[in-house]
Amino acid sequence: KYGRLLEGNLLRLNWSGISEKKVRFGVLVSTRVAKKATQRNFYKRRLRAAAQHLLAGAKPGFGVVISLKKVPRPPKTYHNLAQELGELMSKANIL
């Protein structure tokens, strides 16, 4: 309802300004993307690791939600997810 949205090939990035002087982020992986909880948790761990690495140098005052899109074959490599997340955050002017 509030905030802005950017979409890439693999990820969807929602963000808005918050009153806190830090960056908050959350990760969503739907059951539409992966039916098994172990697969969803695998993707969440990868996305959290990439986000923590990138958000260390981010501007304060943002709330960010990262969602994995439903694609025929989600990538299993950290590099692909981290690269696209970095591109989306740069476009959003968070980094």
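Located above this text is the structure these notes cover.
Residues numbered from 1 in each chain as written. Predicted model: local features only at pLDDT ≥ 70, side-chain atom pairs only at ≥ 80, totals over all residues. Heavy atoms only, no water.

1. Points about the overall build of the protein chain
Heads up, the condition is: Helix and strand definitions follow DSSP, with helices as H or I runs of at least four residues and strands as E runs of at least two, each counted in order from the N terminus. We take the radius of gyration over the C-alpha atoms and set the globule estimate at 2.2 Å times the residue count to the 0.38 power. Remark: exposure states derive from per-residue accessible area (1.4 Å probe, protein chains only) relative to the maximum for the residue type, with buried under 20%, exposed over 50%, and partly exposed in between. Here, two residues are considered to be in contact whenever any of their heavy atoms come within 4.5 Å of each other. Residue exposure ignores everything except the shown protein chains as possible cover, and the areas themselves are Shrake-Rupley values with a 1.4 Å probe.
Counting secondary structure elements, the protein chain contains 2 helices and 4 strands. When its helices and strands are written in sequence order, the protein chain yields β-β-β-α-β-α. A globule of 95 residues ought to have a C-alpha radius of gyration of about 12 Å, and the protein chain, at 13 Å, matches this closely. Considering only C-alpha atoms, the protein chain reaches an extent of 35 × 30 × 20 Å along its principal axes. Within the protein chain, the proportion of its 95 residues that are buried is 39%. For the protein chain, the share of sequence-separated contacts (at least 6 apart) that also reach a separation of at least 24 residues comes to 79%. Surface exposure of the protein chain reaches about 6,200 Å², of which carbon and sulfur atoms provide 49%.

2. Focus on the pattern of salt bridges
We apply this condition: What makes a salt bridge here is a side-chain nitrogen of Lys or Arg within 4 Å of a carboxyl oxygen of Asp or Glu, nothing more.
Taken as a whole, this structure holds 4 salt bridges when the rule is applied. Here the residues in one salt-bridge network are Glu7, Arg12 and Lys69, joined through shared partners.

3. Notes on the nonpolar core
The cut-off we apply is this: Note on terminology: a nonpolar core comprises buried Ala, Val, Leu, Ile, Met, Phe, Trp, Tyr and Cys residues joined through side-chain atoms within 4.5 Å.
By size, the foremost hydrophobic cluster in this structure holds 26 residues, and its most contacted members are Leu11, Leu13, Leu85 and Ile94. Counting residues per element, the ones that place at least two in this core are β2 (11–17), α1 (37–55), β4 (62–68) and α2 (78–91). In terms of residue count, α1 provides more of this core than any other element does, 6 residues in total. Apart from the residues lying within four places of it in its own chain, the contact partners of Ile94 are Leu13, Trp15, Leu55, Ala58, Lys59, Phe62, Val64 and Met89.

4. Overview of unusual backbone geometry
Despite not being glycine, Asn93 has its phi angle at roughly 65 degrees, a positive value. Mapped onto the secondary structure, Asn93 falls in the segment after α2.

Fair warning: the whole summary comes from geometry, so function is off the table for now.
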